[in-house]
Amino acid sequence: YCASDVYDFGSWQNLAVGTITLVACLVFQALAKGFWKQLYVLFGLVVGYIAAICFGMVDFSSISSTVEELGIVSLPMLLHYTPKFQLGAIVSVTLVFFVSAAETIGDTTAVCTGGLGRDITERELSGSLCCDGFVSAISGGLFGCTPITSFSQNVGLVAMTKVVNRFTIMFGALTLVIAGLFPPIGAFFSTLPSCVLGGCTVIMFGAIIVSGVTMLGQCGLDQRNTLIAAASFAIGIGVTQVDGFFSHMPQVIGDIFSGNPVAGVFMISMILSLALPKKVDLKDIDALTAETLEKK
């Protein structure tokens, strides 16, 4: 996460700015009081951005070039692409949406577990999937953009700050809309070097891992669940790290799984979950029998 256009990947300048950003986040979170603690990521971004300016990593000329190309205000173009119906593309996008749905389920569940400290409800899960699908249909069909999916970094941010407020999230979405309508604002955000962003998000990615491990622990790491998780991680992530693994397979398979570990983990876990027999708990049978007798 410390690559920039000015210095090579892994250079001491990138590492220094990323370290300064990370340390600023940790120090602010440790010393701040009250609600100020929740702003440590923003504080780290500001400190890291200033440090990047001192190292000459920030190029403000991109803002002026963006204004010359797109102007001050830029409205989206509706129906820019002519609709075409190709069976291969339809099958590919359908499979991608299944993977996206699994990611949305995981992210939404992790938000409820890490941010609200409770399990997700069926209504919340259904609403997140409906929102994901509806917005993706509007984005791709009307605006010609890529499908929309949940963003795992936000899960880590919610788990760390415990801020789950619709007005706060709405303000973040409004900021993105404004950045899209006003190109100079979007260009300003794009001047943020990758090493600064990496210094902040390294904690968020760690929080995502912790949330995932917590959810696995809540499911119960018996022999069956451990086997499913181990095989899914090892195969689903491992094959994406090998160049040419999908070269002799149909292109549609390579397009979906080669650069997306989530897709591989999802498919392996679903197959194993359906194929491996479940261990029947006698307590569950007794509870079900008692409930049936009570209804009768």
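As the structure is a prediction and not an experimental result, all values here were calculated from the model. (Residues numbered from 1 in each chain as written. Predicted model: local features only at pLDDT ≥ 70, side-chain atom pairs only at ≥ 80, totals over all residues. Heavy atoms only, no water.)

Engineer: Honestly, the confidence of the model for the chain in this entry has me stumped. Any pointers?
Structural biologist: Close inspection of predicted coordinates is inappropriate for parts of the model with low pLDDT. Chain-level pLDDT for the chain is 79 on average; 92% of the residues reach the 70-or-more range. The secondary-structure element of the chain with the lowest mean pLDDT is helix α13 (residues 282–295), recorded at 53, while helix α2 (residues 40–54) shows the highest, at 89. (pLDDT = per-residue confidence, 0-100. Helix = DSSP H or I, 4+ residues; strand = E, 2+ residues; numbered from the N terminus.)

Engineer: I'm lost on the pattern of salt bridges in this one. Help?
Structural biologist: Side-chain pairing between opposite charges can occur once the charged atoms of the two side chains come close. Within the structure shown, the criterion is met by one salt bridge. Residue E124 pairs with R118 through a salt bridge whose shortest N-O separation is 2.6 Å. For E124, a relative accessible area of 29% corresponds to the partly exposed category. Residue classification places R118 among the partly exposed residues on the basis of a relative accessible area of 33%. (Salt bridge = Lys/Arg side-chain N within 4 Å of Asp/Glu carboxyl O. Buried < 20%, exposed > 50% of the residue type's maximum accessible area, 1.4 Å probe, protein only.)

Engineer: Is there a simple way to explain helix α9 (residues 194–219) in this structure?
Structural biologist: For the α-helix, the turn length of 3.6 residues means that residues three or four positions removed from each other point alike. In a regular helix each residue adds 1.5 Å, so 26 residues correspond to 38 Å; α9 covers 36 Å between its end C-alpha atoms and thus fits that length. At C200, α9 shows its largest bend, some 35°. The positive-phi residue at the C-terminal boundary of α9 is G220, with phi of around 90°. (Expected span 1.5 Å × (residues − 1). Bend = angle between axes of the 7 residues up to and from the residue.)

Engineer: Hey, could you run me through the packing of aromatic side chains in this one?
Structural biologist: To describe a pair of aromatic rings, one takes the distance between the centres and the angle between the planes. By the definition in use, this model includes four aromatic pairs. Here the aromatic rings of F188 and F189 are separated by 6.0 Å at their centres, their planes lie at 50°, and the arrangement is tilted. Through successive ring pairs, a cluster of aromatic residues spans Y49, F188 and F189. (Phe/Tyr/Trp six-rings, centres within 6.5 Å; stacked < 30°, edge-to-face > 60°.)

Engineer: Can you help me understand the packing of helix α1 (residues 12–31) against α9 in this one?
Structural biologist: The angle between the axes and the distance between the axes are what describe a pair of packed helices. Across the interface, α1 lies against α9 with an axial gap of 8 Å and an inter-helix angle of 45°. With respect to their mutual orientation, α1 and α9 come out oblique. As α1 runs across α9, the sense of the crossing is right-handed. Taking contact as the criterion, the partners of N14, V17, G18, T21, L22, C25 and L26 in α1 are, on α9, C195, V196, G199, C200, V202 and I203. Within the contact of α1 with α9, the residues separate by chemical class into nine nonpolar, four polar and no charged. (Axes fitted to C-alpha atoms, helices over the stretch in contact; angles between N-to-C directions. Parallel < 35°, antiparallel > 145°, perpendicular 65-115°, else oblique. Left-handed = near helix turned anticlockwise from the far one by under 90°. Contact = heavy atoms within 4.5 Å. Nonpolar A, V, L, I, M, F, W, Y, C, P; charged D, E, K, R; others polar.)

Engineer: What should I look at first to understand helix α5 (residues 122–141) in this one?
Structural biologist: Here α5 spans 28 Å end to end across 20 residues, near enough to the 28 Å set by a 1.5 Å rise per residue. In the core, the buried residues of α5 are packed alongside α4 (87–116).

Engineer: Explain the side chain of T66 here, please?
Structural biologist: Here T66 shows up in helix α3 (residues 61–70). Taking relative accessible area as the criterion, T66 reaches 18% and is therefore assigned buried. Contact partners of T66, with chain neighbours within four places excluded, come to G71, P183 and A187.

Engineer: Would you mind showing me how to read the state of the cysteines here?
Structural biologist: What is meant by a disulfide is a covalent connection between two cysteines, made through their sulfur atoms. Taken as a whole and assessed by the stated rule, the structure comprises zero disulfides. Take C25: it sits in no disulfide, and the sulfur closest to it among the cysteines is that of C200, at 3.8 Å. For C130, which is in no disulfide, the shortest distance to another cysteine sulfur is to C131 and amounts to 8.7 Å. (Disulfide = S-S within 2.5 Å.)

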